[in-house]
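Residue strings, one per chain:
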Amino acid sequence: MAREIRETPILFGEDARRFLARMEERHPEPPELRARRLRNYEIFKKAYEEGMAEQRAREAANGGIDPWFKKV
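Every residue gets a number counted from 1 within its own chain, in the order that chain's sequence is written. Confidence filtering applies because this is a predicted model: local features only for residues at pLDDT of at least 70, side-chain atom pairs given and counted only at 80 or more, and all residues used for totals across whole chains, interfaces and linings. As a rule here, side-chain values cover all heavy atoms of the structure and leave hydrogens and water aside.

Turning next to the overall build of the protein chain. Going along the chain from the N terminus, every DSSP run of H or I of four or more residues is numbered as a helix, and every run of E of two or more is numbered as a strand. Secondary structure assignment for the protein chain yields two helices and zero strands. Restricting the calculation to C-alpha atoms gives the radius of gyration, and the globule rule supplies 2.2 Å times the number of residues raised to the power 0.38. The C-alpha radius of gyration computed for the protein chain amounts to 23 Å, which surpasses the reference 11 Å derived for 72 residues by more than 25%, pointing to a less compact arrangement than a globule. Projected onto its principal axes, the C-alpha positions of the protein chain cover 65 × 45 × 15 Å. Every one of the 72 residues in the protein chain was classed for burial, and the buried ones make up 4%. Residue-level accessible areas treat just the shown protein chains as cover; the underlying method is Shrake-Rupley with a 1.4 Å probe. If you sum the accessible surface of the protein chain, you get close to 7,700 Å²; carbon and sulfur atoms cover 59% of it. In this tally, Lys and Arg are treated as positive and Asp and Glu as negative; His is ignored, and so are the chain termini. To locate a charge, the coordinates of NZ of Lys, CZ of Arg, CG of Asp or CD of Glu are taken. Averaging the locations of the 16 positively and 14 negatively charged side chains of the protein chain gives two centres separated by 3 Å. Buried, partly exposed and exposed residues are distinguished by accessible area as a fraction of the type maximum, computed with a 1.4 Å probe on protein chains only: under 20%, between the cut-offs, and over 50%, respectively.

This is the structure:
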């Protein structure tokens with residue numbers, strides 16, 4: 001059974017000022033990390049698209065039913 005979700009605490013005083021100051025600080029992403037992240041994204045996107053194309057091909061060949069995945 002799921003536990004109840006607690007309320008988000010509200011910050012006051014020095015904690016609130018420190019939080020707002022931290023949120024306004026900029027932490028730019030280095031170009032190397034950005035390039036790596038985007039390259040990884042493209043790799044996963046391509047793998048997903050190829051997998052979906054294979055699934056659609058199996059469904060088309062089997063009358064709309066993909067034998068590799070059970071429909072729940």
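After that view, the rundown keeps rolling.
Glancing now at the pattern of salt bridges. A side chain with one charge may pair with a side chain of the opposite charge, provided their charged atoms come close. One speaks of a salt bridge when a side-chain nitrogen belonging to Lys or Arg is within 4 Å of a carboxyl oxygen belonging to Asp or Glu. For the coordinates displayed, the defined rule picks out three salt bridges. With its nearest N and O atoms 2.5 Å apart, the salt bridge here joins R18 to D15. A residue pair is termed a helical-turn pair when its members lie 3 or 4 positions apart in one helix, as R18 and D15 do in helix α1 (residues 13–24) at three residues. The class for R18 is partly exposed, based on a relative accessible area of 48%. Residue D15 is classed as partly exposed on the basis of its relative accessible area of 40%. Residue E29 pairs with R37 through a salt bridge whose shortest N-O separation is 3.0 Å.

Expected span of a helix: the number of residues minus one, times 1.5 Å. Over its 31 residues, helix α2 (residues 31–61) runs 45 Å from end to end, which matches the ideal 45 Å to within 8%, given 1.5 Å per residue. At the exit of α2 stands G63, carrying a positive phi of roughly 70°.

Residues forming no salt bridge and having over 30% relative accessible area are the ones grouped into patches, like charges within 9 Å of each other and nonpolar side chains (Val, Leu, Ile, Met, Phe, Trp, Tyr) within 5 Å. On the surface, E42, E49, E50 and E54 cluster together to form a negatively charged patch. Take E49: it is sitting in helix α2. By relative accessible area, which is 43% here, E49 ends up partly exposed.

Looking now at a nonpolar patch on the surface. On the surface, L11, F19, L20 and M23 cluster together into a nonpolar patch covering about 410 Å² of accessible area. Examined against the element boundaries, F19 turns out to sit in helix α1.

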